[in-house]
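# Topology and contacts: notes
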Amino acid sequence: MKTNPLYIPLVFTLLLLTHCTTMCQTQLQNLKAYQVTDFGASDKGDELSTQAIQQAIDAAHKAKGGKVVLTKGTYLSGTIELKDNVHLQLDEGAILLGTTDAYQYKKLEQGNLALIVAKEASNISITGKGTIDGQGRKLALAIDSLHHIGERIDPKYNKKRMRPNELHRPELINLLRCTNVNFSNVTLKSSASWLQTIEQCTDVRYDSVTIHNRAYWNNDGFDIVDCKNVSITNCNIDAADDGICLKSHSKDHYNDGIYIANCTIRSSASAIKFGTASLGGFKNVTIENIKVFDTFRSAIAIESVDGGIIENVKVNNITALNTGNALFIRLGHRSGDRPGVVKDVSITNIDVQVPFGRPDIDYDLRGPEVNFFHNPFPSSITGIEGYHVENVQLENITIRYPGRASKGMAYVPLSRLNQVKEEVKGYPEFSMFGELPAYGLYVRHVTGITMKNIIFTLENEDFRPAIIFDDVSNITLSRLEVPKSNKSEIILKDASINSIDEELLQQLEKL
C-alpha cells in the first residue's frame, strides 16, 4: 500500500498534541492554587474584581507557576493579563463576567481590546467547566452611546451600519506571540466583537470548548492569525459571524500546521473560512469530521486575495445541512504586490444540503443579504486571468441543490459567459460574481482539477447546467452523477480534458 507522504507528519503531530494535552492536565493537578477570593475578589458579581484577579495572576507568575482558581460564583472584571506559567481555572458554575464599563478595557501593544490579554507569554491555559461571558451586546451599546454623546469618539465609526468599529469593541481573548497555550472545557460567550484573536502564537490547543457568540456584529468564533501548530478539536461553535476563521495579517508570517477536527458549527456567515485577510498565507491545514448546520454562507471557504500562499490543504468528512454554499475556493488580487498562490487542495467525503431560502433565518442577528436578485448559488473554484488555482482534487462529494432557478430572477446565457464578472479586487465571498450560470459548480482560471465520484441532486428543475469550466486545463472527470435532462450538463469554454468517463461524453458541450 502506498503511504501518503503527509500521513506520517500528521500522525506525529496528533500524537504530540495528545501527549501535550495529557501532560498539561497532569501538571495542572500538581500546581499550587491561588483562589481569587483570597485576594479580595467578590463572587457575587456586584463589584469589580479586576485588581484582585490580577493580583492572583501576578502572585502565581512570581512563584514561577500556579493555577488561578475561580470557584462557583460570578466575578465582574475588566481587562486582566495572563503571564508565563499561569493557568486560569474556572470551576463548574464559575462565571468570569466582562464589565459593561468600556473604560475598564485595554490592549497590549498592537493587540486588540479584550477581557483577557497576553503578550509573549509561555505555558498558559484557560480550563475548567466555567464560563467567560463578555456581555457583548450591553457593552457594544454602551460604547455606541459614548460615541454619540461625544464622550468617547470612535474615529472609524461605521455610519452606514450604525455601529462602532470592530476594533473599538473588546474581544473576550486576545493573545499575541504566545507559546504553549491550552484551552479546554470552558464556555466562551457574548463578545462585543470577535470572540478571540490569537496572533503569531505557537503550539496552541483548543479541546472541548463551547462557543456561543451571537451578541453583536463581527461575532466570529475563532480568529487564528499567522499561527503555527494549532489544534481545534471537539468544539461546539454557534457564531453570528464566521465560525472558525484563519487570517494572515503579515506578509512575513503565515499559518502553518493547523488541525481542525470533530467540531460542530453553526454560523450566520461561513463555517470554516480562511482568507478574509491573506497577506502571508496558509500552509499544511487539515480539516476533518466537521458537522455544519443552519449556516448562511459557505461550509468551507478557502481564499487568497492579498498575495498570500495557500498550499497543502486537506478537507475530509464534512456534513452540512441547511447551508447556503458548499465550497468556495478563490484566488484574487485585492491587495499586495502580486497575486498569491492557491494550490494542492484536496476535498473529500463531503455531503451538503443547500436550501432555497436563507438557512439562518432564525438568527436575530443575520449576515447582510446580497444587494441583487439571484438564483441559488453553486460552489465555485476561481482564479484570475494569468494566475490560476492549481491542482484541486474533489472526491466523494454529494451536494443536494434546491433547483427552482428562474430566468426571470436572473439569467446568464451560455453565449455570454464573459458576462460573469472577474471581480479581481473584490471581497472574497461566494456571491461576489453576481448570478452564476451553473447550478452545481462553476470553475474558472484553474489548472488541474480532478473530480471523482461527484453527485449533484436537484429537488426541483434548474435551467442551468450542472458544471461550467471556463479557462480550465487538465480536467479529469470520473463517476460524475447529475440529474438527467434534455440539455448538456457539462460545459467547456477554453477548457481541455485530460480524462473523462465515456458515458459522460454525451453530457458534454464545448462552446
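All values reported here derive from a predicted model rather than from experimental measurement. Within each chain, residues carry numbers counting from 1 in the order of the written sequence. pLDDT decides what is reported in this predicted model: residues at 70 or higher carry local features, side-chain atom pairs at 80 or more are listed and counted, and totals for whole chains, interfaces and linings draw on all residues regardless. Values shown for side chains rest on all heavy atoms present in the structure; no hydrogens or waters enter the calculation.

## Quick look at the nonpolar core
Put simply, the rule reads: Grouping buried Ala, Val, Leu, Ile, Met, Phe, Trp, Tyr and Cys residues that are joined through side-chain atoms within 4.5 Å yields what is termed a nonpolar core. With a 1.4 Å probe rolled over the protein chains alone, any residue whose accessible area is under 20% of its type maximum counts as buried; one over 50% counts as exposed, and the rest are partly exposed. Numbered from the N terminus, helices here are DSSP runs of H or I no shorter than four residues, and strands are runs of E no shorter than two. We call two residues in contact when some of their heavy atoms are within 4.5 Å.
Leu 96, Leu 394, Ile 449 and Phe 469 are the most contacted members of the largest nonpolar core, which totals 116 residues. No other element matches strand β24 (residues 309–331), which puts 9 residues into this core. Excluding residues that lie within four positions of it along the chain, Leu 96 makes contacts with Ile 53, Leu 70, Tyr 75, Ser 77, Ile 80, Leu 88, Leu 90, Leu 115, Ile 116, Thr 131, Ile 132 and Asp 133. Phe 377, Val 420, Phe 430 and Tyr 442 belong to the second-largest nonpolar core, a separate cluster that totals 14 residues.

## A short note on the pattern of salt bridges
The line we're drawing: Note on definitions: salt bridges are taken to be side-chain nitrogens of Lys or Arg within 4 Å of carboxyl oxygens of Asp or Glu.
Under the defined criterion, the tally for this structure stands at 23 salt bridges. In this structure, the salt-bridge partner of Lys 247 is Asp 223, at a minimum N-O distance of 3.0 Å. Here Lys 247, found in strand β20 (residues 244–248), pairs with Asp 223, found in strand β17 (residues 222–225); they are 24 residues apart in sequence, far enough to count as distant. Just as Lys 247 is buried, Asp 223 falls in that class too. One salt bridge connects Glu 422 with Arg 444, and the closest N-O pair in it is separated by 3.8 Å. Pair noted here: Glu 422 is in the loop between β27 (389–401) and β28 (441–458) and Arg 444 is in strand β28, with a separation of 22 residues, a long-range link. Ionic contacts of the salt-bridge type, sharing partners, join the residues Glu 109, Lys 119, Glu 120 and Arg 177 into one network.

## Focus: the packing of aromatic side chains
We apply this condition: Pairing of aromatic rings covers Phe, Tyr and Trp, the last through its six-membered ring, and needs centres within 6.5 Å; plane angles under 30 degrees mean stacked, over 60 mean edge-to-face, and all others mean tilted.
As enumerated under the stated definition, the model contains 8 aromatic pairs in all. Ring geometry for Tyr 206 and Phe 222: centres 4.7 Å apart, planes at 90 degrees, overall edge-to-face. Linking Tyr 206 in strand β15 (residues 202–207) with Phe 222 in strand β17, this pair joins segments that are 16 residues apart in sequence. Relative to Phe 430, the ring of Phe 377 lies with its centre 5.2 Å away and its plane at 85 degrees, an arrangement referred to as edge-to-face. With Phe 377 in the loop between β25 (341–353) and β26 (379–382) and Phe 430 in the loop between β27 and β28, this residue pair connects regions lying 53 residues apart in the sequence. On the basis of relative accessibility, which here comes to 6%, the residue Phe 430 falls in the buried class.

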